[in-house]
Amino acid sequence: MLDFTSALYLGLHHPSASLPPWDALTLGRPAALSEPPGSRLLAGELARLQGFERATLQPSTWHLFWDLLQWLRQQAPCIALLDEGSYPILHWAANGLRAAGCPVAQFAHHDVAALADSIRRSVRSGRRPIVLADGYCPGCNRPLPLAAYASVCADWDGLLVIDDTQALGVLGAGPDRACPYGRGGGGSLRWHGLAPSPGIAVGASLAKGFGAPLAVLAGASELVDRFERGSLVRVHCSPPSVPAIRAARSALRFSTACGDMLRARLLRMAVTLRRTLAERGLVASGSLPFPVQSFAVGRSGAADRLYRRLLDGGIRALPTRGCRASGCAAQLTFLLTAQHRPRDIARVAATLAAAQPVREH
């Protein structure tokens, strides 16, 4: 089965034989008492990769963002302002904040003016604004207007909290026409050319770009230090496992040596898929050749039919819906990895040609 549903973008799988051996999966103690071996080294490497002063590890982005927001509400009166197009993890974490009695408001997806208006209203209430958004939205294939969000937050002493799971490992510094991903895989701030500041914190899972099931929070030293001391997850939950930490460190070493080559291969596959399916009448959302590529197909019935035709032809893709910014249209989505080859794209094209896809309006 030809698979276009895996988010292991760089194709890193970490079989056990490729990692140093371990004596135990976990120490049986929370991170507040004793961190698993390699934790501090990995956190330092991830902070440097993204350009931050400090970083700390968490088991997942769900743990991370729930924990961070619960800690922030205890520091000072705050209000969470949530970009409505954010991935569900941020919505779930914001719901936990709301359940604890802290106000939460949403604003229009990637709308800087709506964000500024929401912040002005929150400041009048005497609460510090905590702005929550994704660094990259796969639903509409658009990066966050990060510089504008950061500027608005800074004007009102807010904190911008980014979920950079999609971008970390893929996007990096110095993007240009020849290399729209940039270089190094350091994530959204690197890609936008922004310097880290005390008003920005970035959380991300390493389970996509780097293939390791754990998460990292990066930010200013004071914020990360204080968060570690007040974290509930570090007291009450198991830390990332030893194999996950070793897999992440292996992935970073491999990315340093070969990552830009893998990202170049990934870029070629995304460009080829966009061009090839355009010839079949399917237009990709957005302009960035990111490894998540979605094609609007009209009504959901059309998406389901194309999905089943592909499945019958031994190809797995995803019937999805775009975010609100893209009109929530039915889409057919392909997740590309560095392991895909031009022949795989050609097989998709041939299967779709046999299906004679027709857009429904």
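What you are looking at is a predicted structure, and each value in this text was computed from that prediction instead of being measured.

**Examining the pairing of strand β8 (residues 159-163)**
Here is step 1 of the chain: In terms of residue burial, β8 counts as a mostly covered element, since five of its five residues are buried.
Here is step 2 of the chain: Along β8, one buried face is formed by Leu159, Val161 and Asp163 and the opposite face, lined by Leu160 and Ile162, is buried too.
Here is step 3 of the chain: The pairing of strand β5 (residues 128-134) with β8 spans five bridges and is classified as parallel. For isoleucine 130, the partnering residue across the bridge sits in β8 and is leucine 159.
Here is step 4 of the chain: Across four bridges, β8 lies against strand β9 (residues 200-205) in parallel orientation.

**A few points about the pairing of strand β4 (residues 104-107)**
The two faces of the sheet receive side chains in turn, since in a regular strand these alternate between them.
Here is step 1 of the chain: Pairing of strand β3 (residues 78-83) with β4 involves four bridges; the strand directions are parallel. Within β4, the position partnered with alanine 80 by the bridge is valine 104.

**Considerations on the sheet that holds strand β11 (residues 292-298)**
Here is step 1 of the chain: An order of β11-β14-β13 is seen for the three strands of this open sheet, with the pairing classed as antiparallel. Single-partner strands in this sheet number two, and they are β11 and β13 (318-321). Taking each pair of neighbouring strands and ignoring which way they run, the sheet shows an average axis angle of 40°.
Here is step 2 of the chain: Pairing of β13 with strand β14 (residues 330-335), which is carried by four bridges, proceeds in the antiparallel orientation. For leucine 318, the partnering residue across the bridge sits in β14 and is threonine 333.
Here is step 3 of the chain: Relative to β11, helix α9 (residues 242-278) is tilted by about 15°, and along the sheet it contacts β11 and β14.

**Focus: the sheet that holds β3**
Here is step 1 of the chain: Ordered in space as β2-β10-β9-β8-β5-β3-β4, the seven strands form an open sheet in which the pairing is mixed. Edge positions in the open sheet fall to β2 (54-58) and β4, since each of these has one partner strand only. Strand after strand, the sheet turns through a mean of 20° between neighbouring axes, direction not considered.
Here is step 2 of the chain: Sheet topology places β2 next to strand β10 (residues 215-219); five bridges connect them, and they run antiparallel. Within β10, the position partnered with threonine 56 by the bridge is leucine 217.

**Digging into the packing of aromatic side chains**
Here is step 1 of the chain: For the coordinates displayed, the defined rule picks out seven aromatic pairs.
Here is step 2 of the chain: Here the aromatic rings of tyrosine 9 and phenylalanine 290 are separated by 5.9 Å at their centres, their planes lie at 75°, and the arrangement is edge-to-face. In this pair, tyrosine 9 is assigned in the loop between β1 (2-3) and α1 (39-50) and phenylalanine 290 in the loop between α9 and β11, connecting sequence segments 281 residues apart.
Here is step 3 of the chain: The buried category is assigned to phenylalanine 290, whose relative accessible area is 0%.
Here is step 4 of the chain: Between the aromatic rings of tyrosine 136 and phenylalanine 290, the centroid separation amounts to 3.9 Å while the plane-to-plane angle is 25°, which identifies the pairing as stacked.

**Points about the environment of proline 240**
Here is step 1 of the chain: Among the secondary structure elements, proline 240 is positioned in the loop between α8 (233-236) and α9.
Here is step 2 of the chain: Through-space distance from the C-alpha of proline 240 to that of glycine 38 is 11 Å; in sequence the pair is 202 residues apart.
Here is step 3 of the chain: When near neighbours in sequence (up to four residues on either side) are disregarded, proline 240 contacts Pro36, Leu57, Gln58, Pro59, Leu214 and Ile245.

**What about the pattern of salt bridges?**
Here is step 1 of the chain: Applying the stated criterion to the full structure yields 10 salt bridges.
Here is step 2 of the chain: Arginine 183 is the partner of aspartate 176 in a salt bridge, and the nearest nitrogen-oxygen pair spans 3.5 Å.
Here is step 3 of the chain: Residue arginine 234 is joined to glutamate 228 by a salt bridge in which the shortest nitrogen-to-oxygen separation is 3.9 Å.
Here is step 4 of the chain: Owing to a relative accessible area of 9%, arginine 234 belongs among the buried residues under this scheme.
Here is step 5 of the chain: Where salt bridges share partners, they join Glu35, Arg40, Arg54, Asp225, Glu228 and Arg234 into one cluster.

**Side note on the packing of α9 against helix α11 (residues 342-355)**
Packed helix pairs are specified by the crossing angle of their axes together with the interaxial distance, meaning the distance between the axes.
Here is step 1 of the chain: Taken N-terminus to C-terminus, the directions of α9 and α11 make an angle of 20°; their axes are 10 Å apart at the nearest point. Here α9 lies roughly parallel to α11, going by the angle between them. Relative to α11, the crossing made by α9 is right-handed. Where α9 abuts α11, its residues Met269, Thr272, Leu273, Thr276 and Leu277 lie against Pro342, Ile345, Val348, Ala349 and Leu352.

What counts and how
- Residues numbered from 1 in each chain as written.
- Predicted model: local features only at pLDDT ≥ 70, side-chain atom pairs only at ≥ 80, totals over all residues.
- Heavy atoms only, no water.
- Buried < 20%, exposed > 50% of the residue type's maximum accessible area, 1.4 Å probe, protein only.
- Helix = DSSP H or I, 4+ residues; strand = E, 2+ residues; numbered from the N terminus.
- Pairing = 2+ DSSP bridges.
- Axes fitted to C-alpha atoms, helices over the stretch in contact; angles between N-to-C directions.
- Contact = heavy atoms within 4.5 Å.
- Phe/Tyr/Trp six-rings, centres within 6.5 Å; stacked < 30°, edge-to-face > 60°.
- Salt bridge = Lys/Arg side-chain N within 4 Å of Asp/Glu carboxyl O.
- Parallel < 35°, antiparallel > 145°, perpendicular 65-115°, else oblique.
- Left-handed = near helix turned anticlockwise from the far one by under 90°.

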